[in-house]
Amino acid sequence: MSGMELTREFFLGFIKLHILHHAAQEPICGVDLVEELGTHGYELSPGTLYPTLHALERAGYLEHHERTVHGRRRKYYVATEAGVEALERGKAQARELTRELLEEP
Ligand SMILES: [Zn+2]
């Protein structure tokens, strides 16, 4: 695996946790997610975001309903109970990992 591929793998894992985190708080649409993740320095193309949303939905972690906003149909995603549980496991792992990675020598 090349360095770039590995970086992309990390990126996708962080993105999934991030999506679950926000979808557990309130229904969120793809456009809002691109913007929100952009504020954290992630440049996310629709070609990456939408397949990721669909994969999380197929896994049973997200569900969506459609809303019309300014005359446009949009899918709003919310975390399911299984999604919230997966998020809690992810948070525990992230906490443990950051503790080790960022530990002062
Ligand atoms: Zn965020």
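Scroll up for the structure.
Residues numbered from 1 in each chain as written. Predicted model: local features only at pLDDT ≥ 70, side-chain atom pairs only at ≥ 80, totals over all residues. Heavy atoms only, no water.

### Examining the overall build of the protein chain
Next up, step 1: Assigned secondary structure in the protein chain consists of four helices and three strands.
Next up, step 2: Principal axes of the C-alpha set define a box for the protein chain whose edges measure 55 × 30 × 25 Å.
Next up, step 3: Scored against the burial criterion, the 105 residues of the protein chain give a buried share of 29%.
Next up, step 4: Within the protein chain, contacts between residues at least 6 apart in sequence are counted, and of these 50% link residues at least 24 apart.
Next up, step 5: Taken as a whole, the protein chain presents about 7,300 Å² of accessible surface, with 54% of it coming from carbon and sulfur.
Next up, step 6: For the protein chain, the separation between the mean place of its 12 positive charges and that of its 17 negative charges on side chains is 7 Å. (Helix = DSSP H or I, 4+ residues; strand = E, 2+ residues; numbered from the N terminus. Buried < 20%, exposed > 50% of the residue type's maximum accessible area, 1.4 Å probe, protein only. Contact = heavy atoms within 4.5 Å. Areas by Shrake-Rupley, 256 points an atom, 1.4 Å probe, with all protein chains shown as cover. Lys, Arg positive; Asp, Glu negative; His and termini not counted. Charge placed at Lys NZ, Arg CZ, Asp CG, Glu CD.)

### Quick notes on unusual backbone geometry
Next up, step 1: Notably, His70 is not glycine yet its phi reads approximately 50°, a positive angle.
Next up, step 2: Mapping His70 onto the fold places it in the loop between strand S2 (62-69) and strand S3 (72-79).

### Focus: a nonpolar patch on the surface
Next up, step 1: A cluster of nonpolar side chains, namely Met1, Leu6, Phe10 and Phe14, defines an oily patch on the protein surface of about 450 Å² accessible area.
Next up, step 2: Along the chain, Leu6 falls in helix H1 (residues 3-25).
Next up, step 3: We classify Leu6 as partly exposed; its relative accessible area is 36%. (Patch = residues over 30% accessible without salt bridge, like charges linked within 9 Å, V, L, I, M, F, W, Y side chains within 5 Å. Salt bridge = Lys/Arg side-chain N within 4 Å of Asp/Glu carboxyl O.)

### Describing the coordination of the zinc ion
Next up, step 1: Distances from the zinc ion to its protein donors, namely His18 (NE2), His22 (NE2), Glu36 (OE), Glu36 (OE) and His40 (NE2), fall within the range 2.1 to 2.6 Å.
Next up, step 2: Positions of the donor residues of the zinc ion, expressed as sequence spacing, correspond to H-x3-H-x13-E-x3-H. With a gap of four residues between them, His18 and His22 both fall in helix H1, about one helical turn apart.
Next up, step 3: Classification of His18 as buried rests on a relative accessible area of 16%.
Next up, step 4: Judged by relative accessible area, which is 13%, His22 ranks as buried. (Donors = N, O, S within 2.8 Å, 3.2 Å for Na, K, Ca; no water.)

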